[in-house]
Amino acid sequence: MISFTSSDCERTRAAVAAAVAQFHLPGIAVGVVAGETLVYSEGFGFADIEHQQPMRPDHGQCIGSVTKTMVGLCTMALVDEGRLSLDSRVAELLTDVVFHGPAESMAIRHLLTHTSGIGEAPSLAALADSVDPHRQASARAHDFAATYADGIVVEAAPGTRWAYANHGFALLGEILMRMEKASLHEILRRRIFAPLGMRDTQCHERSHPRLATGYHRPLPPEMADLFQRVGRTPPHEETADGHNIRGEYHWEPESPMMAAGAVQSTIPDMARYAAVLLNNGAGIVRPAAFAAMVAPQWCPDARLNSAGLAFARSARPRAFGHGGKTFGGWNTDLLVVAERGLAIIIHMNVFLYDSDRVFTPIVRAVLNEPQAAPPNQPLDADLRASASGVYEAPPGKLTSFRVSSSIGRIQISADSQGLVLHSRRGTWKDGARLRPADPTDVAFMLIDKPGDEPAYLLLTRDQRGRVNGLRCDNLVHMVRTDSVEPWV
């Protein structure tokens, strides 16, 4: 029997309370599942700051992209039933969609792994709306053809590149609805919510009294700059408590994007879902299908995070799951550590661009795995000499948008102590030290910045041993550039 002791509960409680204080969170609820049992469940802070309403585990939460794992399970259920194949061609299933680019080979597996060649938006013209948390919700009823009336740009040949694509899951959801002849909510209700007893879970995207109020923060400088680049003016908003801004709840009725992140749920309901994931998807898909979903389907290096079929795979700890961000004010994390028989659910009613800084210490506390000290290993002299340079995401404004907007270009330079990394945007903007992290491979590095959670990077090399690119956690890929433009 898997145990989660009173000491484990106290350690978890202390870590969550510390996160609330450090990051000025409005509210957060955490659940831990051991085997089939919710062994820890607690809320902290406020579900509504203005009304001083305490956060409870049974408060509703928009779980965002965790929805994708449920849509993925419904897709694999159709594969189990022989009604669909991972190799079924998307263009043949959605004949009313015009694809601009090399879409002929795009298959269901590419949508599930974010390797379809679709990027952040269906077109450059639609890019601004996709990243604007203040955009106005559309009152238009579900009209898939109208949503993609101008077609969808495919920037890379399917299967050749990883790029997170919400619109890929919108296509997947449309395929499911056409095959099942039902709404997405009805499909999820019949295949997941009802069998698991998830009575407080739905995907109508409607506000209700038990839904925790969502909050967000003033835009960080990098995002304010991004807004101006896409032609939007960052709004001036007053905070509710000096830190958190009350969000606006946007409901888009039957939007094609519902499959990318429309589900609302609670900690107790998500615990039922997590228990099924710990039991290999029992009752939803066959064990072989579930094994394929959590196996490495896009994995350039096993020491870095990778992608399964609808599930994200973590290298540290070895786990699978998904995170979720919802404009308006929610962040969610679902992590299944199968080898420990544990699952961790975190619901936070604030939208943060850097939510991992909150989630990671809580996960470490649950697993009782303190942050390891940086390795003490000398830097390879040849690598030090050849790594200096500028790195950027491969061409493609839509498929590289997330990397370009969150990190920008990276510059690696040598100094008397070794190698230093600077990014144009984000947490490494002020610099971070690169330290060797694998005694068997001098090119595998720890990105060490005091006060930040550790991240890892692999320097890739050509046949002559010259560094020609890099890969980071979260499937970031960059190539070395000889551009003469200023790197910043």
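Criteria and thresholds
- Every chain is numbered independently, its residues counted from 1 as its sequence is written.
- Local features in a predicted model are, by the rule used here, given only for residues with pLDDT of at least 70; side-chain atom pairs are given and counted only at 80 or more, and totals for whole chains, interfaces and linings are based on all residues.
- Side-chain metrics rest on all non-hydrogen atoms present in the structure, leaving aside hydrogens and water.
- Only strands that DSSP links by at least two bridges are regarded as paired with each other.
- Put simply, DSSP marks the helices as runs of H or I at least four residues long and the strands as runs of E at least two long, and each gets a number from the N terminus on.
- All axes are obtained by fitting lines to C-alpha atoms, using only the stretch in contact for helices, and the reported angles, taken between N-to-C directions, cover 0 to 180 degrees.
- To sort residues, take the accessible area from a 1.4 Å probe on protein chains only and compare it with the maximum for the residue type: under 20% means buried, over 50% means exposed, and anything in between is partly exposed.
- Contacts between residues were defined by any pair of non-hydrogen atoms, one from each residue, lying within 4.5 Å.
- Between the rings of Phe, Tyr and Trp (Trp by its six-membered ring), a pair exists once the centres lie within 6.5 Å; its type follows the angle of the planes, with under 30 degrees stacked, over 60 edge-to-face, and the other angles tilted.
- Working rule: Lys NZ or Arg CZ, within 6 Å of ring centre, within 35 degrees of ring normal, means a charge sits over the ring.

Caption draft 1: The sheet that holds strand 19 (residues 432-436), seen in detail. Strand order in this closed barrel of 8 strands is 16-17-18-19-20-21-22-23, and the pairing throughout is antiparallel. Direction aside, neighbouring strands of the sheet carry axes that sit 30° apart on average.

Caption draft 2: The arrangement of the pairing of strand 12 (residues 319-326) in detail. Counting buried residues along strand 12, 6 of its 8 residues qualify, which places the element largely inside the surrounding structure. Bridge analysis of strand 11 (residues 312-314) against strand 12 gives 3 bridges, and the strand direction is antiparallel. If you follow Ser 314 over to strand 12, its bridge partner there is Ala 319. Hairpin geometry of strand 11 and strand 12 is characterised by an intervening segment of 4 residues between the two adjacent antiparallel strands. Of the pairings in the sheet, the one linking strand 12 to strand 13 (residues 330-337) comprises 7 bridges and is antiparallel in character. The residue bridging Gly 324 from the neighbouring strand is Thr 332, located in strand 13. Between strand 12 and the antiparallel strand that follows it, strand 13, lie 3 residues; Gly 328 among them carries a positive phi value of about 110°.

Caption draft 3: Up close: the environment of Pro 57. Here Pro 57 is to be found in the loop between strand 3 (53-54) and strand 4 (61-62). With a relative accessible area of 18%, Pro 57 lands in the buried category. The sequence separation of Pro 57 and Val 350 amounts to 293 residues, and the corresponding C-alpha distance is 15 Å. Leaving out residues up to four positions away in the same chain, Pro 57 has contacts with Ala 29, Ser 41, Glu 42, Gly 43, Thr 266, Ile 267 and Pro 268.

Caption draft 4: Looking closely at the pairing of strand 1 (residues 27-34). Burial analysis of strand 1 places 8 of its 8 residues in the buried class, the great majority of the element. Residues Gly 27, Ala 29, Gly 31 and Val 33 point to one face of strand 1 and Ile 28, Val 30, Val 32 and Ala 34 to the other, with burial holding for every one of them. Pairing analysis gives 8 bridges linking strand 1 to strand 2 (residues 37-48), with the strands arranged antiparallel. The residue of strand 2 that forms the bridge with Ala 34 is Thr 37. The loop that links strand 1 with its antiparallel partner strand 2 comprises 2 residues; one of these, Gly 35, has a positive phi angle of about 65°. Two elements, strand 1 and strand 14 (residues 342-348), share 7 bridges in a ladder whose sense is antiparallel. Looking across to strand 14, one finds that Ile 28 is bridged to Met 348.

Caption draft 5: Representation of the packing of aromatic side chains. Under the definition given, this model contains 8 aromatic pairs. Relative to Phe 311, the ring of Phe 290 lies with its centre 6.0 Å away and its plane at 70°, an arrangement referred to as edge-to-face. Of this pair, Phe 290 sits in helix 12 (residues 287-294) while Phe 311 sits in the loop between strand 10 (306-307) and strand 11; the two residues are 21 residues apart in sequence, bridging distant segments of the chain. Of the residues examined, Phe 311 reaches a relative accessible area of 2% and is grouped as buried. Taken together, the ring pairs connect Phe 290, Phe 311 and Phe 320 into an aromatic cluster. The ring of Phe 169 carries the charged tip of Lys 68 above its face, separated from the ring centre by 5.8 Å. When the ring centre of Phe 444 is taken as reference, the NZ or CZ atom of Arg 303 above it lies at 4.2 Å.

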